[in-house]
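# Coordinate analysis (summary)
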Amino acid sequence: MLEILEERKFPVGKLYALASGRSTEKHAIFNTSHVQVQDLANFDFAKVKIALFSAGAAVSAQYAPQAVASGCVVIDNTSQFRYQADVPLVVPEVNPQDLAQYKQRGIVANPNCSTIQMVVALKPLYDAAGIERINVATYQSVSGAGADAIEELASQTAELLNGRPPSLGGVFAKQIAFNALPQIDEFQENGYTREEMKMLWETRKILGDDAIQVNATAVRVPVFYGHSEVLHIETRRKLSAERARELLRGAPGVVLLDERRPGGYPTAVTEAAHQDAVFVGRIREDLSHYRGLDLWVVADNVRKGAALNSVQVAELLVKTYL
């Protein structure tokens, strides 16, 4: 978030870096300056207009209302407020109009990373032809599970390449190196994981359409940064693959890379990692459904899937409301 605020020249008057009391001896770097970390528990939010929260749902639950009570607008990157009806869930390229609802609670929620890249890619298609059903399989990088998960993949890979058995029992239930795990987040009573259910709940809320059916399978793969998704969608009106390409070619936040040749498609590592855009390729008409389309979508889950989206929401707040 700090890097993106700096890159995009966000109009920061004074920046405060907040964390728990354990971190107050640390510094953050912003615009080449060292910013002393302050204790969140003792911070006076009346000194700031916008607070970017990304320290876990429990922290947001406790401190976001305190920040709002001090006159601050909170942009929350956790799951704490996403499903509350009076808190807008915003992707600026998709539903910027919903940001106006922040006035109800003083809080804007940032969606889940896998949902963000999916709805950015689907928005122009939804506007043109409607969407009846989304069948999505995700291939999500370990960075979505945090720094310990990145370290676990790195260490297991090193151990295996050096002929040693991998260390197990960390973040993941099974070996992640050279493997694929069909579980992200906790299992629900219906057999889906919470990550899979998030894609249903959030897509409906962001697009404002409770009739959309979403069937998701979320898989963790041994990639450091960048989520990949296979989308099989059924539109309400027939939409050709060529028309879909035309719509996506001019869509905000989207880069189209769809050439029918070896390498003529985007990948998480080669194109998406460390980039802001959502990349789309492999567009084709579904052989099994008259109104079906298939797409391949990749994006950097840490940038567009989290930090960048939060900063874009802040930019929209400043431009339109503050």
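Our subject in this report is the structure included herewith. Values in this document were obtained by computation on a predicted structure and should not be read as measured data.

## Let's talk about the sheet that holds strand 5 (residues 73–76)
- Taken in spatial order, the 3 strands line up as 4-5-6 in an open sheet, and their pairing is parallel. A strand with exactly one partner marks an edge of an open sheet, and here the two such strands are strand 4 (50–53) and strand 6 (107–109). Each strand of the sheet is rotated relative to its neighbour by a mean of 20°, with strand direction disregarded.
- Relative to strand 4, helix 2 (residues 57–69) is tilted by about 180°, and along the sheet it contacts strand 4, strand 5 and strand 6.
- Sitting on the sheet, helix 9 (residues 303–320) touches strand 4, strand 5 and strand 6, and the angle it makes with strand 5 is about 155°.

## Brief notes about the side chain of Thr138
- Structurally, Thr138 is set in strand 7 (residues 131–140).
- Among the polar contacts made by the side chain of Thr138, one reaches the side chain of Gln140 at a distance of 2.7 Å.
- The contacts of Thr138, once residues within four sequence positions are left out, are Ser114, Met199, Thr217, Ala218, Val219, Ser228 and Glu229.

## A word on the pairing of strand 11 (residues 278–285)
- Two strands pair when backbone bridges link them, and strand 10 (residues 254–256) and strand 11 are joined in this way by 3 bridges, in the parallel orientation. Its bridge partner being in strand 11, Leu256 is matched across the sheet by Val280.
- Strand direction decides the pairing type here: strand 11 and strand 12 (residues 292–299), joined by 5 bridges, are antiparallel. From the neighbouring strand, Arg284 faces strand 12, where its bridge partner is Asp294.
- Counting the residues that bridge the hairpin from strand 11 to strand 12 gives 6 residues.

Definitions and cut-offs
- Each residue is numbered by its place in its chain's sequence as written, counting from 1.
- For a predicted model such as this one, the threshold for reporting local features is a pLDDT of at least 70, and the threshold for listing and counting side-chain atom pairs is 80 or more; totals across whole chains, interfaces and linings nevertheless cover every residue.
- Water and hydrogen atoms were dropped before computing side-chain values, which therefore reflect all heavy atoms in the structure.
- Strand pairing is assigned whenever DSSP detects at least two bridges linking the two strands.
- Strands here mean DSSP runs of E at least two residues long; helices mean DSSP runs of H or I at least four residues long; both are numbered from the N terminus.
- Between N-to-C directions, angles cover 0 to 180 degrees, with each direction set by a line fitted to C-alpha atoms, over the stretch in contact for helices.
- For this analysis, residues touch if any pair of their heavy atoms sits within 4.5 Å.
- What qualifies as a polar contact is a pair of N or O atoms within 3.5 Å, subject to a donor-acceptor requirement within protein and to the restriction that residues adjacent in sequence count only when both atoms come from side chains.

All quantities given are derived from atomic positions and should not be read as evidence of function.
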